[in-house]
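# Structural characterization, general
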Amino acid sequence: MAIVPIDPAQGPLSTGSYLVMSFDQRNAQLAVFGDHSYMEGNVSEAIEEAKHGAEQAAALGLPLQFLVVRVSTEHGFKPAAGAGQ
């Protein structure tokens with residue numbers, strides 16, 4: 001399948017987005033927590049989601065850390081138009 005580069009300035013995370021990530025130190029697994037990213041002006045919402053995730057994990061006895069990370073796309077790739085057809 002052919003691929004083409006994505007212009008980072010045109011990508012889905014091009015505007016200084018934040019994600020909430022969970023980190024499991026038992027196996028070094030890092031995963032996105034929640035189903036969306038937060039824009040610059042909504043970082044306080046990301047912080048609240050991270051706190052909520054940590055509270056849920058603590059209630060279940062899980063040793064997870066919740067992190068608010070700023071995402072900056074450096075490079076990206078996608079299937080070329082018509083690839084796989």
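Residues numbered from 1 in each chain as written. Predicted model: local features only at pLDDT ≥ 70, side-chain atom pairs only at ≥ 80, totals over all residues. Heavy atoms only, no water.

Another aspect to go through is the side chain of D24. Position of D24 among the secondary structure elements: in strand β2 (residues 17–24). The buried category is assigned to D24, whose relative accessible area is 8%. (Helix = DSSP H or I, 4+ residues; strand = E, 2+ residues; numbered from the N terminus. Buried < 20%, exposed > 50% of the residue type's maximum accessible area, 1.4 Å probe, protein only.)

Ranked by size, the top nonpolar core spans 7 residues in total: Y18, V20, Y38, A46, A50, A57 and F66. Counting only elements with at least two residues in this core, the list comes to β2 and α1 (43–59). Per element, the largest residue contribution to this core is 3 residues, and it comes from α1. Not counting residues within four places of it along the chain, the set of residues in contact with A46 comprises V20, Y38 and V68. (Core = buried A, V, L, I, M, F, W, Y, C linked by side-chain atoms within 4.5 Å. Contact = heavy atoms within 4.5 Å.)

With that out of the way, let us pick up the environment of V43. Structurally, V43 can be placed in helix α1. A sequence separation of 26 residues divides V43 from S17, and the C-alpha atoms of the two residues are 8.7 Å apart. Setting aside residues no more than four positions away along its own chain, V43 makes contact with Y18 and V68.

Okay, the sheet that holds β2 next. Backbone hydrogen bonds are what pair the strands of a sheet, in a parallel or an antiparallel way. Spatial strand order, β3-β2-β4: 3 strands in an open sheet with antiparallel pairing. The sheet is open, and its two borders are formed by β3 (29–38) and β4 (64–71), each paired with just one other strand. Direction aside, the axes of adjacent strands within the sheet are offset by 30 degrees on average. In this structure, β2 lies alongside β3, joined through 6 bridges in antiparallel fashion. The residue bridging Y18 from the neighbouring strand is Y38, located in β3. (Pairing = 2+ DSSP bridges. Axes fitted to C-alpha atoms, helices over the stretch in contact; angles between N-to-C directions.)

Shape descriptors only; they carry no functional weight alone.
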